[in-house]
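These are the residues of each chain, in order.
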Amino acid sequence: MIVVSEYVHNIKDTVSTIFEGMAVTASHFMRKPYTVQYPDRMPVRVQDTLPFRYRGILDVDLEICTGCLACERACPIDCIVIVAEKDQQTRQLLLSQFDIDIAKCMYCGLCSEVCPTGAIHHTTEFEGADYSLESLIRRFVQDPLMAYKAKKGPETDPKIAPILSRGMAYLDQWAQPGGEKPGGDEPA
Amino acid sequence: MSTLRTEEMTLNMGPQHPSTHGVLRFVVRADGEVMREAIPDVGYLHRSIEKIAEKVGYRGFMPYTDRVDYVCAMFTNQGWGMACEKLAGIEVPKRGEYCRVIAAEFNRIASHLLSVGAMAMDIGAMTPFAHVIREREMINDLIEELCGARLTFNYMRIGGVAWDLPPGWREKALAYLDHFDPILEEYNALISWNKIYVERLANVGVITAADAINYNLVGPNLRACGIKWDIRKDIAYSVYPDFEFEVPVGNGQWGKLGDSMDRYVVRIREMAESSKILRQALKKIPPGAVLAKVVRNFKPPAGECQIRVESGRGDMGWYLVSDGSGYPWRVHVRTGSFAAMGIIQKLSAGLMIADLVTLIASLDVIAPEIDR
Ligand code: SF4
Ligand code: SF4
């Protein structure tokens, strides 16, 4: 008799807990869907919805690159190659190569963290599929150019000033050692 | 009439098997549906992470630690950071520690969510997995806003964290927790107390407390056997002593103590505890710096140290030997998944092949963490 009652009890339990679960599932029919149809049915491009700190494919603003090689040294997998040489006549640094191998890059952010001007920075771009590895090497220098030299006061060149302020805004996101410049959230 | 001749089968399960949580391989000796033995074969995912550390230096190794356990990378980040700090005697600012705890506890919830969801999926219930992935995505959105990545966070640095909480993030995080607590209840209604599900897990893969200690199990796997051992409480590190939280242990409510259901329920209850810690941390977080001043060319003095963190898979040990140069001399990681793999061979005797999947899922092993 006990066996029969347990059997019936088990069936009752099973049915009731399944219905409980189904009720949860049914309630989700009424809620807003969380999934989106990527990539063709997005109301806005995904890239535009990503947060500012998003670590996507790297970009370099050569106009404000000082050629300090800090990024090249910080990268643990050596996917940045920079050639910067002193020009004999003008005594200035001449950038003749700045390549980043996007195929090797792991988007860790160690390079953009150390850049003094925010020249090398992550974008929100992430769609990097391509047919060959060769085309994943981003070559930023087309013609050799002078490296940027930081001025004493604020930047005056109207062409460079907006780029530099963008770079500085990017740098502001990073925590400052010792917290000299507290960025981010205000304490409670 | 003579009896039918039977013979033992040797089966290969994995490495590319959908229910082995990554790439694990088992050699199964089975008699029909019943296993004599399942021998785990580790090493398929070995990437020499420990050796890489000797080549890339202290700072450069931080992104690699993400790959030790990609499901809860915050803890591996924290472990590496803490090992370096201990060796060099660096003190992390209070706010930095809070940021670490907040990020890590969010990560713990995400990791446990994946674990419980994958468990349901391995058993055959597909819907719960979609639910947990939805919740995990929301946590990933928060973490993405914090540190710019969804999986390989690289959030922490030697001496603190790389980014402070962005403006308005705390409110978002608290709003998420308000949303999360009822969701956990809903999830329990959906699957956890489902009779079929309970029957499938209860009394499967029972680990006794003595075995758990002998086989070096850690984390939720150990606590499910009724042993209250949590590094956050017992060897307090970071700012965990500031918070009040329970350490859930298994109680054998559904079957024998230490069965798969206990391990499952411990994870569910740990998520609720993490949510509690997060609320306190988000409320109490002090102002100040998040990153200590550390020389760029970081060189800890010669010596060795060992630290422990309680990751999603339990006690994670980082052992670091320095010879005073800019590169570590030796790094070793002790992970919970590797220990958990050891006990599978013992537990598998007499189980059905289908229960092996339950067992792997309930031990929450993560393939890259086993092999490193
Ligand atoms: S993001 Fe990391 S891997 Fe990529 S270039 Fe920068 S330092 Fe190197
Ligand atoms: S990108 Fe930045 S870190 Fe790299 S060389 Fe230019 S200024 Fe230096």
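Now for a description of the structure that goes with this document. Keep in mind that this is a model prediction, so the values were computed, not measured.

### Looking at the overall build of chain B
Of the regular secondary structure elements, chain B holds 14 helices and 8 strands. Here the C-alpha radius of gyration of chain B, 21 Å, is about what a compact globule of 372 residues would show, namely 21 Å. Over its C-alpha atoms, taken along the principal directions, chain B stretches across nearly 85 × 45 × 35 Å. Considering chain B as a whole, with its 372 residues, one finds that 63% of them fall into the buried category. Within chain B, counting contacts between residues at least 6 apart in sequence, those at least 24 apart form 72% of the total. Distance from the positive charge centre (43 side chains) to the negative charge centre (45 side chains) of chain B: 4 Å.

### Concerning the site of ligand 1
Cys75, Cys79, Cys105, Cys108 and Cys111 of chain A are the nearest of the 13 residues found near ligand 1. Grouping the amino acids of the shell around ligand 1 by side-chain chemistry returns 11 nonpolar, 2 polar and no charged.

### A few points about the sheet that holds strand β2 (residues 25-31) of chain B
Residues and elements named next belong to chain B. A sheet is described by the order of its strands in space; here 3 strands give the open sequence β1-β2-β3, paired in antiparallel fashion. Each having just a single partner strand, β1 (9-13) and β3 (34-41) make up the two edges of the open sheet. Neighbour-to-neighbour, the strand axes of this sheet turn through a mean angle of 20 degrees, independent of strand direction. In this structure, β1 lies alongside β2, joined through 5 bridges in antiparallel fashion. In the sheet register, Met13 faces β2, and the bridge partner there is Phe26. Strands in contact with helix α12 (residues 336-348) are β2 and β3; relative to β3, the strand with the most contacts, it is inclined by about 165 degrees. Contacts between helix α13 (residues 353-363) and the sheet are confined to β1, β2 and β3, with β2 contributing the most and set at about 145 degrees to the helix.

### Looking at the packing of helix α1 (residues 2-27) of chain A against helix α6 (residues 169-192) of chain B
Contact geometry of α1 of chain A with α6 of chain B gives a least axis separation of 7 Å together with a crossing angle of 135 degrees. Taken together, the axis directions place α1 of chain A and α6 of chain B in an arrangement best described as oblique. For the pair α1 of chain A and α6 of chain B, the crossing hand works out as left-handed. Contact residues: α1 of chain A offers Thr17, Glu20, Gly21, Val24 and Thr25 of chain A, while α6 of chain B offers Glu186, Ala189 and Leu190 of chain B. The class makeup of the residues in the contact of α1 of chain A with α6 of chain B is 3 nonpolar, 3 polar and 2 charged.

### Overview of the environment of Phe298 of chain B
Residues and elements named next belong to chain B. Looking at the element boundaries, Phe298 is found in the loop between α11 (260-284) and β6 (303-311). The sequence separation of Phe298 and Ala88 amounts to 210 residues, and the corresponding C-alpha distance is 8.9 Å. Leave out the neighbours within four places in its chain, and Phe298 touches Tyr58, Arg59, Cys84, Ala88, Ile90, Ile158 and Gly326.

### A closer look at the pairing of strand β7 (residues 314-322) of chain B
Judged by how many residues are buried, β7 of chain B sits mostly within the fold: 8 of 9 residues are covered. In this structure, the hairpin formed by β6 of chain B and β7 of chain B is closed by a connection of 2 residues.

### Details of the interface of chain B and chain A
Taken together, the contact between chain B and chain A spans 48 residues of the former and 39 residues of the latter. At the boundary of chain B with chain A, total buried surface from both sides reaches about 3,500 Å², with 57% on carbon and sulfur atoms. Remark: the boundary between chain B and chain A carries 2 salt bridges. Between Arg31 of chain A and Glu186 of chain B there is a salt bridge, with its nearest N and O atoms 2.8 Å apart. Going through the elements one at a time, α1 (49-60), α2 (62-65), α5 (127-147), α6 and α7 (195-201) of chain B are the ones with two or more residues in the side of chain B that touches chain A.

### Examining the site of ligand 2
All names here are of chain A. In the vicinity of ligand 2, 13 residues are found, and the nearest of them are Cys65, Thr66, Cys68, Cys71 and Cys115. More than half of the atoms belonging to ligand 2 lie within 2 Å of the grid points that define the largest cavity. Considering only residue class, the shell around ligand 2 consists of 11 nonpolar, 2 polar and no charged.

### Let's talk about the environment of Gln345 of chain B
Residues and elements named next belong to chain B. Assignment of secondary structure puts Gln345 in helix α12. Judged by its relative accessible area of 31%, Gln345 is partly exposed. Sequence separation of Gln345 and Pro40 is 305 residues, and the distance between their C-alpha atoms is 6.9 Å. Sequence-distant contacts of Gln345, that is, excluding residues within four places in its chain, are made with Glu37, Ala38, Ile39 and Pro40. Separated by 2.8 Å, the side chains of Gln345 and Glu37 make a polar contact.

The rules behind these values
Along each chain, numbering runs from 1 in the same order as the chain's sequence is written. By the order in which they are written, chains take letters starting at A while ligands take numbers starting at 1. Predicted model: local features are reported for residues with pLDDT of at least 70 only, side-chain atom pairs are reported and counted for 80 or more only, and whole-chain, interface and lining totals are derived from all residues. Derived side-chain values reflect all non-hydrogen atoms in the structure, with water molecules and hydrogen atoms excluded from consideration. For the purposes of this entry, the term helix denotes a DSSP run of H or I that reaches at least four residues, the term strand denotes a run of E that reaches at least two, and both are numbered from the N terminus. The quantity called the radius of gyration is restricted to C-alpha atoms. Its globule counterpart is 2.2 Å times the number of residues to the power 0.38. Working definition: with a 1.4 Å probe on protein chains only, accessible area under 20% of the residue-type maximum means buried, over 50% means exposed, and in between means partly exposed. We call two residues in contact when some of their heavy atoms are within 4.5 Å. We score Asp and Glu as negative and Lys and Arg as positive, and we do not count His or the chain ends. Think of each charge as sitting on NZ of Lys, CZ of Arg, CG of Asp or CD of Glu. Near is defined per residue: the residue qualifies when any heavy atom it owns lies within 4 Å of the molecule or strand. Throughout, the ten residues Ala, Val, Leu, Ile, Met, Phe, Trp, Tyr, Cys and Pro are labelled nonpolar, Asp, Glu, Lys and Arg are labelled charged, and all others, Gly among them, are labelled polar. Note: two strands are recorded as paired if DSSP finds a minimum of 2 bridges between them. The axes used here are C-alpha line fits, helices contributing only the stretch in contact, and every angle between their N-to-C directions lies in the interval 0 to 180 degrees. Orientation labels follow simple angle bins: below 35 degrees gives roughly parallel, above 145 gives roughly antiparallel, 65 to 115 gives roughly perpendicular, and whatever is left gives oblique. By convention the crossing between two helices is left-handed if the near helix lies anticlockwise of the far one by an angle smaller than a right angle, and right-handed if it lies clockwise. Summed over both partners, the accessible area (1.4 Å probe) lost when two parts come together is defined as the buried area. Salt bridge, as used here: a side-chain nitrogen of Lys or Arg that lies within 4 Å of a carboxyl oxygen of Asp or Glu. Grid points spaced at 1 Å over the protein atoms alone were grouped into cavities, where a 1.4 Å probe fits but cannot get out, and pockets, open sets with protein on both sides within 12 Å along at least five of seven lines, with lining residues defined by an atom within 4 Å of a point. More than half of a molecule's atoms lying within 2 Å of a cavity's or pocket's grid points is what places that molecule inside it. Think of a polar contact as two N or O atoms within 3.5 Å of one another; within protein, one of them needs to be a possible hydrogen donor and the other a possible acceptor, and neighboring residues in sequence only count if both atoms come from side chains.

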